[in-house]
Amino acid sequence: MTNLDAHDLPDLQPLRLAELSSSAAPAEVVDTAQVELRIAFGRTQLSLDDVLALGDGSIVVLDERSGDPVEVVADGVVIARGEVLLMNDCYCVRITELVGSRHAEAA
C-alpha cells in the first residue's frame, strides 16, 4: 500500500446533481425499465433420480390445485396474486390481489 500526501491527491470537486439529469422524463424512464417477471404456478420436490427420469410426456404433480391463486413475482419479490386463465390457446393471469406495503397503505 502506498502512502499519499495531500499534494498527491487529484483535485476533487463536489458532485453537482444537476449534471446527472436525464433528458428522459421520469415516466419514460419507468416505461423502459426491465424487470424479470415470473409466475409461480406451483412447486414440487423431486429426487435427483426422478428428475433424471423426466422425458417427453412426463407429468410432474405440483403442490397447487386447479383454481388455487398463483403468485406474480418481480425480481424475486411477490407483487401480486392471480388466477390462471386460458385465452385464445394461451395461458394468462388475471390479477386478483396486489401485494406489498405500498398497496396495503393505500387501501
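Residues numbered from 1 in each chain as written. Predicted model: local features only at pLDDT ≥ 70, side-chain atom pairs only at ≥ 80, totals over all residues. Heavy atoms only, no water.

J.: When you look at unusual backbone geometry in this model, what are you seeing that I'm missing?
T.: Of all residues except glycine, most have a negative phi; of all peptide bonds, most are trans. Positive phi values are uncommon outside glycine, yet Asp75 reaches one of about 50 degrees. Owing to a relative accessible area of 53%, Asp75 belongs among the exposed residues under this scheme. Here the phi dihedral of Asp89 falls at roughly 65 degrees; this positive angle occurs in a residue that is not glycine. Summarising the element assignment, Asp89 is placed in the loop between strand S3 (77-87) and strand S4 (90-98). Given a relative accessible area of 73%, Asp89 falls into the exposed group. (Buried < 20%, exposed > 50% of the residue type's maximum accessible area, 1.4 Å probe, protein only. Helix = DSSP H or I, 4+ residues; strand = E, 2+ residues; numbered from the N terminus.)

J.: Explanation requested: the confidence of the model for the protein in the structure shown.
T.: Low pLDDT means the predicted atomic positions in that stretch should not be read closely. Considering every residue of the protein, the mean pLDDT works out to 77; 66% of them sit at 70 or more. Mean pLDDT in the protein bottoms out at helix H3 (residues 101-106), which sits at 50, and peaks at helix H2 (residues 48-52), which reaches 95. For the stretch residues 103-107, pLDDT sits under 50, and the model shows one contact to residues farther than four places along the chain or on other chains. (pLDDT = per-residue confidence, 0-100. Contact = heavy atoms within 4.5 Å.)

J.: Looking at this structure, I do not really get the sheet that holds S3. What am I missing?
T.: The sheet built from four strands is open, its strands ordered S1-S2-S3-S4 with antiparallel pairing. The strands lining the two open edges of the sheet, one partner per strand, are strand S1 (37-40) and S4. Pairs of neighbouring strands in the sheet enclose a mean axial angle of 40 degrees, with direction left out of account. As judged from the five bridges shared by strand S2 (residues 70-74) and S3, these two strands associate in the antiparallel manner. If you follow Val73 over to S3, its bridge partner there is Val78. (Pairing = 2+ DSSP bridges. Axes fitted to C-alpha atoms, helices over the stretch in contact; angles between N-to-C directions.)

J.: Quick question: what am I supposed to make of the pairing of S4 here?
T.: Each regular strand carries side chains that alternate between the two faces of the sheet. Sheet topology note: the S3/S4 ladder contains eight bridges and is antiparallel. For Val84, the partnering residue across the bridge sits in S4 and is Val93. Hairpin connection of S3 to S4: two residues between the antiparallel strands, including Asn88 at a positive phi of 55 degrees.

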